[in-house]
Protein chains: 2
Amino acid sequence: MKLLEDRIEKDGRVLGEDVLKVDSFLNHQIDPDLMVALGNEFYARFKDEPITKILTVESSGIAPALAAGMAFHVPVVFARKHKSLTLKDNLYTSEVYSFTKKTANQIAIAEKFLSSDDKVLIVDDFLANGQAVEGLIDIIGQAGATLEGVGIVIEKTFQKGRQLLDDRHIRVESLARIAAFENGHVVFAQD
Amino acid sequence: MKLLEDRIEKDGRVLGEDVLKVDSFLNHQIDPDLMVALGNEFYARFKDEPITKILTVESSGIAPALAAGMAFHVPVVFARKHKSLTLKDNLYTSEVYSFTKKTANQIAIAEKFLSSDDKVLIVDDFLANGQAVEGLIDIIGQAGATLEGVGIVIEKTFQKGRQLLDDRHIRVESLARIAAFENGHVVFAQD
């Protein structure tokens, strides 16, 4: 998606070998007009699927997921993150390891908001090692719901998340795909 | 706002003396179409103010704040919550006490996303004891920015948050105002 790639080139900041900071428009400060465009693009790519619900994880996933929900006119559910959960009554939970923070979190969704009738689109801000998406897929499985696809704002193709999802034949649509960082600049994957 | 009051009556659940659960449409599962309506209503009420930025706190504030940002076409910044912050470089921080959870959190916003030129609208999902809003006001003060008003989705008029803001002559617009809970039902304040 050209609009997004241009924005990443203009406002993204490459830190070290594999970190892209997009906190000026995606995950701390948010550009609402850009979110509308992203939501519409997710809709364009998945509109032929019978999506009934959009799933994401707090907090950075909420903005693009909500924008997608506005385009699909379906509910958005965000999983809550907890350091640990003592009480798991009426919750689907899964453990998610963060390679960035080197910590494990429980993510949880109330059982009443996901059922076996649901056709789910997962939306998240980043796909890197794929742990958050794997946790959501685990929860979708617990609910007996159907995963229709995964919509990602920014994918880093050189980390293992994409391969994990491809191996499971899950449809992934990423609006920007980063193949590498070279000398502090972003190199986008050629489709 | 009639649409919101009707939705609270239909889908809100009153727990005990002073808790209203709206996790089916506002703060766990989100109704995107309702968010668009809320965002437009915030715009209708504050459109004569020269708003340059919308501020909220993760995670429940993000959806209504983003919807407001879409109506105003201005950036939305969400404060991140931390149990404790050891590194405060380049951050505005404030301590927020949660009466519900009986814990204190640090909230933080990167300094680069709030400046003395900004005219800020705070948006949050609930106004109860007002601690989150007070923390954001503290941060706005640190940045030397101007607070133009506070937009709240659901206010509980019987808790002390509203009075705190009135005492400081801050304009507050709440889209639903709850005066009391009686026998498990919501009693809305008469304007």
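Everything numeric here is computed off the predicted structure, so don't read it as measured data. (Residues numbered from 1 in each chain as written. Chains lettered and ligands numbered in written order. Predicted model: local features only at pLDDT ≥ 70, side-chain atom pairs only at ≥ 80, totals over all residues. Heavy atoms only, no water.)

1. Regarding the pattern of salt bridges
Then comes step 1: According to the stated counting rule, one finds 34 salt bridges over all chains in the structure shown.
Then comes step 2: For the salt bridge of Arg171 of chain A with Glu49 of chain A, the shortest nitrogen-to-oxygen distance reads 3.4 Å. Here Arg171 of chain A is found in the loop between α5 (161–167) and β10 (172–182), whereas its partner Glu49 of chain A is found in the loop between α2 (32–46) and β4 (53–57), with 122 residues between them in sequence.
Then comes step 3: Residue Asp23 of chain B pairs with Lys112 of chain A through a salt bridge whose shortest N-O separation is 3.7 Å. In this pair, Asp23 of chain B is assigned in the loop between β2 (19–21) and β3 (29–30) and Lys112 of chain A in the loop between β7 (103–110) and β8 (119–127), connecting two distinct chains. (Salt bridge = Lys/Arg side-chain N within 4 Å of Asp/Glu carboxyl O. Helix = DSSP H or I, 4+ residues; strand = E, 2+ residues; numbered from the N terminus.)

2. Quick look at the pairing of strand β10 (residues 172–182) of chain B
Then comes step 1: Where strand β9 (residues 146–156) of chain B meets β10 of chain B, 6 bridges bridge the pair, whose relative direction is parallel. Note that in β10 of chain B the partner of Ile152 of chain B across the bridge is Ser174 of chain B. (Pairing = 2+ DSSP bridges.)

3. Quick look at the UniProt feature "binding site: xanthine" (unreviewed entry) in chain A
Residues and elements named next belong to chain A.
Then comes step 1: Here the UniProt-annotated "binding site: xanthine" (unreviewed entry) positions come out as Leu20, Asn27 and Lys156.
Then comes step 2: When you line up the elements, Leu20 lands in strand β2 (residues 19–21).
Then comes step 3: Leaving out residues up to four positions away in the same chain, Leu20 has contacts with Ile8, Gly12, Arg13, Val14, Phe126, Ile154, Ile178, Phe181 and Val186.
Then comes step 4: On the basis of relative accessible area, Lys156 is assigned to the buried category, the value being 9%.
Then comes step 5: Setting aside residues up to four positions removed in sequence, Lys156 forms contacts with Asp18, Val19, Phe126, Leu127, Ala128, Ile178 and Phe181. (UniProt positions renumbered as here; feature names shortened; annotations may be inferred. Contact = heavy atoms within 4.5 Å. Buried < 20%, exposed > 50% of the residue type's maximum accessible area, 1.4 Å probe, protein only.)

4. Observations concerning the packing of α2 of chain A against helix α3 (residues 62–72) of chain A
Residues and elements named next belong to chain A.
Then comes step 1: At a closest axis distance of 7 Å, the pairing of α2 and α3 adopts a crossing angle of 55°. The angle between α2 and α3 falls in the class oblique. Pair α2 / α3 crosses with right-handed handedness. Contacts from Met35, Val36, Gly39, Asn40, Phe42, Tyr43 and Phe46 of α2 reach α3 at Ala63, Pro64, Ala67, Ala68, Ala71 and Phe72.
Then comes step 2: Looking at the contact of α2 with α3, its residues break down into 11 nonpolar, 2 polar and no charged. (Axes fitted to C-alpha atoms, helices over the stretch in contact; angles between N-to-C directions. Parallel < 35°, antiparallel > 145°, perpendicular 65-115°, else oblique. Left-handed = near helix turned anticlockwise from the far one by under 90°. Nonpolar A, V, L, I, M, F, W, Y, C, P; charged D, E, K, R; others polar.)

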